[in-house]
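Coordinates in review
Each chain, written out:
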2 protein chains.
Amino acid sequence: MLVWERPEPPDRPVPAPLSRELIVRTAIELADEAGLEAVSLRKIAGALDVGPMRLYGYIATKDELLDLMVDAVHAEIRPAGDGWREVLRSVAELTRQAVHRHEWFADLIGGRPQLGPNALARGEAVLAALGDVDVDMVMPLVTAVDAYVIGAVRREIAERRAERTSGMDQRQWQATFGPYLERTFATGRFPALEKVVRDAAHLDADETFRIGLDFLLDGISGRLQR
Amino acid sequence: MLVWERPEPPDRPVPAPLSRELIVRTAIELADEAGLEAVSLRKIAGALDVGPMRLYGYIATKDELLDLMVDAVHAEIRPAGDGWREVLRSVAELTRQAVHRHEWFADLIGGRPQLGPNALARGEAVLAALGDVDVDMVMPLVTAVDAYVIGAVRREIAERRAERTSGMDQRQWQATFGPYLERTFATGRFPALEKVVRDAAHLDADETFRIGLDFLLDGISGRLQR
DNA sequence: TATGTCTCGATACAGTGTATCGCAGAGTGC
DNA sequence: GCACTCTGCGATACACTGTATCGAGACATA
């Protein structure tokens with residue numbers, strides 16, 4: 001085809017300015033709205049009006065992007081308080097609140113080592129506030145609280161999703177899993193479970209989280225005084 | 001095309017006998033060997049010498065398969081012991097051991113509600129052994145231990161993988177992240193972190209897990225005696 | 001001005017989960 | 001014994017994923 005008939009290349013739009021931060025922010029917005037599985041490089045690129053491959057100038061791999069997202073959330077966690085107990089409680093509660101803002105965080109937390117600047121800064125803040133604790137004790141202590149928080153928020157979000165999935169409201173949920181549990185209990189194979197489910201007081205998510213955390217902090221307190 | 005020219009259909013092999021259990025077992029083998037991301041319906045079907053769509057007679061969705069895999073692992077966890085403390089410790093340790101046999105379990109645990117028969121049986125065994133505990137206390141208690149275990153094993157596996165990834169042995173790992181941490185600490189922005197990393201005794205994974213668990217069990221013990 | 005370097009993004013590839021649907025074989029009723 | 005219906009298998013197809021490749025334009029340097 002001769003030049004004359006060949007159309008000029010389209011006026012290329014000035015390439016949109018890009019940055020790691022912008023990419024991560026976009027990814028987080030997508031994930032907040034529609035969950036982690038809605039986050040694809042193509043969708044991010046689309047939202048930024050950019051070719052998918054462009055992103056690879058800023059990240060090497062999708063996993064790296066996920067790491068950046070996680071680290072960005074860590075920036076929202078700024079523990080505060082006086083004394084080890086208050087600080088640890090605060091980091092736990094703030095992490096849980098962050099998960100409520102970003103449910104997908106529960107899917108990633110604990111899944112990869114968190115060595116980004118914000119995660120380190122969070123760790124630093126906690127350790128700095130625990131200066132009066134025996135240096136050999138400090139890591140096990142923080143690690144234990146982290147572990148509890150990771151597991152607790154995962155459980156909580158998993159349950160919340162299950163309720164939401166099967167029909168949006170709680171009545172629907174009970175209409176689906178209630179009968180299943182009824183039938184299962186009817187087999188008589190789970191008497192202890194049945195008893196607890198029927199007779200025990202049911203705590204809401206806030207209380208459940210707080211009680212477990214108190215167990216842990218109480219236990220830590222005991223060891224520290226020894 | 002006339003019959004004469006049309007080749008006979010190939011001798012169809014008798015359709016391989018299939019079952020949910022066989023499918024799940026195959027999926028677990030794949031995951032044990034090469035991780036969760038190596039588990040695809042096509043690979044499972046291939047290993048079973050079967051068309052991929054055949055699996056949909058037994059499961060409706062890949063997520064269902066993952067649920068079945070998780071429940072199958074729960075079957076390996078048979079808590080035992082006298083008294084609430086021994087039983088809870090046993091369920092924690094056994095879960096951790098199961099994760100060591102099936103690293104991918106750490107990726108799934110806590111991510112979805114566990115209502116399969118084996119998970120329920122595990123719960124039943126725990127609750128049955130906790131018969132002497134106040135009925136209103138029993139759920140928060142078990143939930144807290146579960147949360148701790150979920151988070152702890154996730155952390156542990158994440159760390160283990162990170163070490164393995166960057167070069168297979170620990171020397172290589174320290175050669176990669178060591179310098180990164182050195183440089184990061186050199187900024188002087190993380191003095192408390194630096195101090196702890198440098199001065200504190202480093203516990204291995206077993207000890208770390210056990211210490212955190214002891215914190216929690218101690219705390220529970222305190223509440224129960226009150 | 002010519003040359004080399006970098007950057008962008010279209011295209012391509014191998015892989016994924018799953019919807020669709022023709023068809024063969026098994027089972028059923030006459 | 002034969003026609004018919006039904007069932008379930010699996011080839012094919014679709015939309016989507018992450019990412020390798022590479023030609024071409026933009027820019028910086030000699």
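Just so it is clear, the model here is predicted, and its values are computed rather than measured.

1. Notes on the protein's contact with DNA strand C
- Contacts to DNA strand C come from 15 residues, most closely from Gly51, Met53 and Arg54 of chain A together with Ser40 and Lys62 of chain B.
- With three residues, the single largest contributor to the surface near DNA strand C is helix α2 (residues 41-47) of chain B.
- Along the lines of polarity and charge, the residues of the surface near DNA strand C split into seven nonpolar, four polar and four charged.

2. Re the domain arrangement of chain A
- Domain boundaries assigned for chain A yield domain 1 (20-60) and domain 2 (78-225).
- A separation of 29 Å is found between the C-alpha centroids of domain 1 of chain A and domain 2 of chain A.

3. Considering the protein's contact with DNA strand D
- What surrounds DNA strand D is a group of 15 residues, the closest being Ser40 and Lys62 of chain A together with Gly51, Met53 and Gly57 of chain B.
- Top contributing element to the surface near DNA strand D by residue count: helix α2 (residues 41-47) of chain A, with three residues.
- Taken together, the residues of the surface near DNA strand D sort by class into seven nonpolar, four polar and four charged.

4. Quick notes on the nonpolar core
- Grouped together as the largest cluster of nonpolar side chains are 100 residues, with contacts concentrated most on Tyr148 and Leu216 of chain A together with Tyr148 and Leu216 of chain B.
- Setting aside chain neighbours within four positions, we find tyrosine 148 of chain B in contact with Ala147, Tyr148 and Gly151 of chain A together with Gly212, Leu213 and Leu216 of chain B.

5. Remarks on the relation of the copies chain B and chain A
- For the pair chain B and chain A, the superposition axis carries a translation of 0.0 Å, the fit reaches an RMSD of 0.0 Å, and the rotation angle comes to 180°. What the rotation and shift describe, once combined, is the action of a two-fold rotation axis.
- Most of the interface of chain B is mirrored in chain A, where 100% of its interface residues again form contacts.

What counts, and where the lines are drawn
- Residues numbered from 1 in each chain as written.
- Chains lettered and ligands numbered in written order.
- Predicted model: local features only at pLDDT ≥ 70, side-chain atom pairs only at ≥ 80, totals over all residues.
- Near = placed C-beta within 6 Å.
- Helix = DSSP H or I, 4+ residues; strand = E, 2+ residues; numbered from the N terminus.
- Nonpolar A, V, L, I, M, F, W, Y, C, P; charged D, E, K, R; others polar.
- Domains from an automatic or database assignment.
- Core = buried A, V, L, I, M, F, W, Y, C linked by C-beta atoms within 7 Å.
- Buried ≥ 20, exposed ≤ 12 C-beta atoms within 10 Å, placed from the backbone.
- Contact = placed C-beta atoms within 7 Å.
- Least-squares fit on C-alpha atoms with pLDDT ≥ 70 in both.

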